[in-house]
Amino acid sequence: MLRTLTRMALAAVVLTAAPVAAGAQSLSSQQKQEVEAVIRDYLKRNPEFLIEVLQAAEEKQQANQLLRARETIVAERRALTATPGDPVGGNPKGDVTIVEFFDYRCPYCKQVKPIVEQVLNQDRNVRVVYKEFPILGRESVVASRAALAAQKQDKYLVFHHALMAYRGQLGEEAVMTVARQTGLDVERLKRDMQDPQIEKTIAANRDLAERIGIRGTPAFIVGDDLAPGAIDPGSLKAMVDKARKG
């Protein structure tokens, strides 16, 4: 990446100097060496120029990524907010939907959970769609499968909150302990975890995340906007307000 951006910076300098040689159709080998020497000398004397070019290139790349993400979000609106069987929290009939991609073993997901709850408590007209997105290993997959299976006992939300509140290594044994503590029938839960539809749901979430460009957790989508990573209450509320205004 750095080499690519450096080449872009050098190209920018060449383009800046291009008018000087506008009358020449081609450069000899010696002339090319002289131009390269001028560029190197310029960058040595003006390192801040290279930094500015690199920052501009990075900002442009990020802007392009967000634009592509927004286009995909618009195209996949129904899959994001209205997939049958997706767990829903907050006000199921809310006028704004927060879509959260998360992993139960992600410390940042646990960190932002109170922030999501704060927004829901302050705005009773917001719904949340929980997208199970286990990316941190086999234990994460087990936790997500168990959570989705808990829906069959109408205990997804209580189990979800309990898993998010759990501190420590969240292995399979810990997941079953939390399930038992939240009143789930553990033996039934284990059977329901084998339902092929659960694996299809997780796979669909992964495919959707990949199309949008989500590569980590947590990630929030509100309206047409994507917020990757941990988020503060003010930013999440601003996303909700923006989506509500349309």
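Remember, predicted model here, so these are calculated numbers, not experimental data. (Residues numbered from 1 in each chain as written. Predicted model: local features only at pLDDT ≥ 70, side-chain atom pairs only at ≥ 80, totals over all residues. Heavy atoms only, no water.)

The next thing to look at is the nonpolar core. Ranked by internal contacts, the top residues of the largest apolar core, which has 44 residues, are Ile98, Tyr104, Phe159, Leu163, Val175, Leu189 and Leu236. When residues of this core are assigned to their parent elements, the largest contribution, 7 residues, is made by helix α6 (residues 138–150). The contact partners of tyrosine 104, leaving out residues within four places of it in the chain, are Lys110, Glu132, Ala143, Ser144, Ala147, Tyr156, His160, Leu163, Met164 and Leu170. Core analysis: the next-biggest nonpolar cluster, separate from the first, contains 14 residues, Ala69, Val129, Phe133 and Ile212 among them. (Core = buried A, V, L, I, M, F, W, Y, C linked by side-chain atoms within 4.5 Å. Buried < 20%, exposed > 50% of the residue type's maximum accessible area, 1.4 Å probe, protein only. Helix = DSSP H or I, 4+ residues; strand = E, 2+ residues; numbered from the N terminus. Contact = heavy atoms within 4.5 Å.)

It is worth spelling out helix α8 (residues 172–181) at this point. Burial in α8 covers these residues: Ala174, Val175, Met176, Val178 and Ala179. Considering only its buried residues, α8 is in contact with α6, α7 (156–165) and α9 (186–192). Remark: glycine 183 follows α8 within two positions and exhibits a positive phi of approximately 90°.

Right, let's talk about the environment of asparagine 91 for a bit. Position of asparagine 91 relative to the elements: it lies in the loop between β1 (88–90) and β2 (96–102). One polar contact links the side chain of asparagine 91 to the main-chain carbonyl oxygen of arginine 124, over a distance of 3.1 Å. (Polar contact = N/O pair within 3.5 Å; in protein donor to acceptor, adjacent residues only side chain to side chain.)

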